[in-house]
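Chain and residue survey
Listed below are the residues making up each chain.
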Amino acid sequence: MNVKNCHNFHDFRQLAKRRLPGPIFNYIDGAADDEVTYRRNTTSFGDCDLVPNVLRGVSDVDMSVTIMGQRLAMPVYCSPTALQRLFHHQGERAVAAAAAQYGTMFGVSSLGTISLEEARQISDGPQVYQFYFHKDRGLNREMMARSKQAGVNVMMLTVDSITGGNRERDKRTGFSIPFKLNLAGLTQFAVRPAWAINYLMHERFRLPQLDSHVDMSGGAMSISRYFTEMLDPAISWADVAEMVQHWDGQFCLKGIMSVQDAQRAAEIGCTGIVISNHGGRQLDGSRSAFDQLAEIVDAVGHKIDVMMDGGVQRGTHVLKALSLGAKAVGLGRYYLFPLAAAGQAGVERALDLMRSEIARDMTLMGCASVDQLTRQNLRFRQNLPY
């Protein structure tokens, strides 16, 4: 199988699994505890059916949307994710270039492996910075100032990661940065020599946003230790309100799951929220973003832009979220597996498939534009309120 023979999320996942050493594949694929929420994120879409209208004369489809002042050519964007250099040597460079080609938004994480400045040079399209709130307030201020200077359009503060989730797949392999693997993990690297050769022949692994604050040269700074030791679990609404005022621009909270928190975000001046459970990687047993979407849209959708992510694998999933009132939908693993499988070509292939699916599905729904997607086009199998 090669990337041209990949036709959906599952094809890309299988190709990535063949290429990546087990510890890295499981870092992408895994989630917290029993991974119940991870699975539920996707299966929740199956509880909702689309009801199409016919004979609507749909000859052209306009799938463009505007979120937080940014115009996107399609209603999906590449959510910022960490450590992309591990998955493929092109890392965020591939994602930035692919997002630019397809006219959508992408982002760089605090744990990103290229700098904010380089990402902006690759793409002048909408760019977000996924920010983690650190105990070191000086680091927080420095990152915000740097983001503004780099031309970042949207500050996206992640609020559901004040401590690391219990990701047992990583514990079994000893996955950490820098690598400090146990015997089981080392064995899985040994059977993927092509990945190791590729990794070693390109630039060294770096975290440019944190280089001056985190010593990556010795010891094992695992991902869970980063979240546990460097991030501030005492972050409060007052801290976020101060950040919103200091940023003085488009400001989004990622990881909102309750109506109360959505309302508070609107009150302190946020311009957007992402309903998200971090891909099931934090609190297992938490509700899926899609299941929470309608009540949050009803509460604050007239005040701020509401987006969601988690479990999205198909264009029909996107249409269901848009019909409930989401302004756009974030993609994570959907583009990470293609990145791991084939770099920029993989991400472009995945975005092209998603664009084609959305256009075809909107045509079949009888909708020429995103604003024609409404709750009248949905039915829930278990008569859940929406």
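Just above sits the structure.
These lines cover the structure that appears in this document, whether it is placed above or below. Predicted model, so just to flag it, every value in this text is computed and none were measured. (Residues numbered from 1 in each chain as written. Predicted model: local features only at pLDDT ≥ 70, side-chain atom pairs only at ≥ 80, totals over all residues. Heavy atoms only, no water.)

1. A short note on the sheet that holds strand E10 (residues 305-309)
In space, the 8 strands of this open sheet follow the order E4-E11-E10-E9-E8-E7-E6-E5, with parallel pairing throughout. Where the open sheet ends on each side, the last strands, each with one partner, are strand E4 (76-78) and strand E5 (106-109). Each adjacent strand pair in this sheet contributes to an overall mean axis angle of 25°, direction not counted. In this structure, E10 lies alongside strand E11 (residues 328-331), joined through 3 bridges in parallel fashion. Bridging from a neighbouring strand, Met-308 pairs with Val-329 of E11. In this fold helix H12 (residues 237-247) packs onto strand E6 (127-131), strand E7 (154-158) and strand E8 (250-256), with an angle of close to 150° to the strand it touches most, E8. (Pairing = 2+ DSSP bridges. Helix = DSSP H or I, 4+ residues; strand = E, 2+ residues; numbered from the N terminus. Axes fitted to C-alpha atoms, helices over the stretch in contact; angles between N-to-C directions. Contact = heavy atoms within 4.5 Å.)

2. Details of the pattern of salt bridges
Under the defined criterion, the tally for this structure stands at 16 salt bridges. Residue Arg-13 pairs with Asp-29 through a salt bridge whose shortest N-O separation is 2.9 Å. Of this pair, Arg-13 sits in helix H1 (residues 9-19) while Asp-29 sits in helix H2 (residues 22-29), and the two are 16 residues apart along the sequence. A relative accessible area of 21% places Arg-13 in the partly exposed class. As a salt-bridge pair, Glu-118 and Arg-93 come within 2.4 Å of each other at their nearest N and O atoms. (Salt bridge = Lys/Arg side-chain N within 4 Å of Asp/Glu carboxyl O. Buried < 20%, exposed > 50% of the residue type's maximum accessible area, 1.4 Å probe, protein only.)

3. Notes on the side chain of Asp-284
Relative to the helices and strands, Asp-284 is located in the loop between strand E9 (272-275) and helix H14 (289-300). From its side chain, Asp-284 meets the backbone nitrogen of Glu-35 in a polar contact 3.2 Å long. Within the structure, Asp-284 has its side chain in polar contact with the backbone nitrogen of Val-36 (distance 2.9 Å). When sequence neighbours within four positions are dropped, the list of residues in contact with Asp-284 reads Ala-32, Asp-33, Asp-34, Glu-35, Val-36 and Thr-37. (Polar contact = N/O pair within 3.5 Å; in protein donor to acceptor, adjacent residues only side chain to side chain.)

4. Notes on unusual backbone geometry
With phi around 60°, Glu-35 is a residue other than glycine that occupies positive phi space. Position of Glu-35 among the secondary structure elements: in the loop between H2 and helix H3 (36-43). Given a relative accessible area of 12%, Glu-35 falls into the buried group.

5. What about the packing of aromatic side chains?
The way to describe two aromatic rings as a pair is by their centre distance and the angle between their planes. Summed over all chains, the structure comprises 6 aromatic pairs. Seen from their ring centres, Phe-9 and Phe-337 are 5.7 Å apart, and the 65° between their planes marks the pair as edge-to-face. In this pair, Phe-9 sits in helix H1 while Phe-337 sits in helix H16 (residues 333-342), placing the two residues 328 residues apart along the sequence. Here the two residues Phe-9 and Phe-337 agree in accessibility, since each one is buried. An aromatic cluster of at least three residues, connected via ring pairs, comprises Phe-9, Phe-25 and Phe-337. Across the ring face of Trp-247, the terminal group of Lys-148 is positioned such that the distance to the ring centre comes to 3.9 Å. Over the ring of Tyr-27 we find Arg-281; its NZ or CZ atom is 4.8 Å from the centre of that ring. (Phe/Tyr/Trp six-rings, centres within 6.5 Å; stacked < 30°, edge-to-face > 60°. Lys NZ or Arg CZ within 6 Å of the ring centre and 35° of its normal.)

6. Focus on the pairing of E9
Of the two faces of E9, both are covered, the one formed by Gly-272 and Val-274 as well as the one formed by Ile-273 and Ile-275. Relative to E9, E8 runs parallel, the two sharing 4 bridges. When the sheet's bridge partners are listed, Cys-252 is paired in E9 with Gly-272. The pairing of E9 with E10 spans 4 bridges and is classified as parallel. Across the sheet, residue Ile-275 finds its bridge partner in E10, namely Met-308. Between E9 and its parallel partner E10, the chain crosses via H14, and the hand of that crossover is right-handed. (Right-handed = clockwise from strand over helix to strand, strands pointing away.)

7. Notes on the environment of Leu-207
Along the chain, the position of Leu-207 falls in the loop between helix H10 (193-201) and helix H11 (223-230). Take Leu-207: its relative accessible area is 5%, and that puts it in the buried class. Counting along the chain gives 94 residues from Leu-207 to Thr-113, while the straight-line C-alpha distance between them is 4.8 Å.

8. Some details on the nonpolar core
Core analysis: the largest hydrophobic core is formed by 122 residues, its most contacted members being Phe-87, Phe-251, Ile-273, Leu-293 and Met-308. Leaving out residues up to four positions away in the same chain, Met-308 has contacts with Phe-45, Val-274, Ile-275, Ala-289, Phe-290, Leu-293, Ala-321, Ala-326, Ala-328, Val-329 and Gly-330. (Core = buried A, V, L, I, M, F, W, Y, C linked by side-chain atoms within 4.5 Å.)

No statement about biological role is implied by the geometric values presented.
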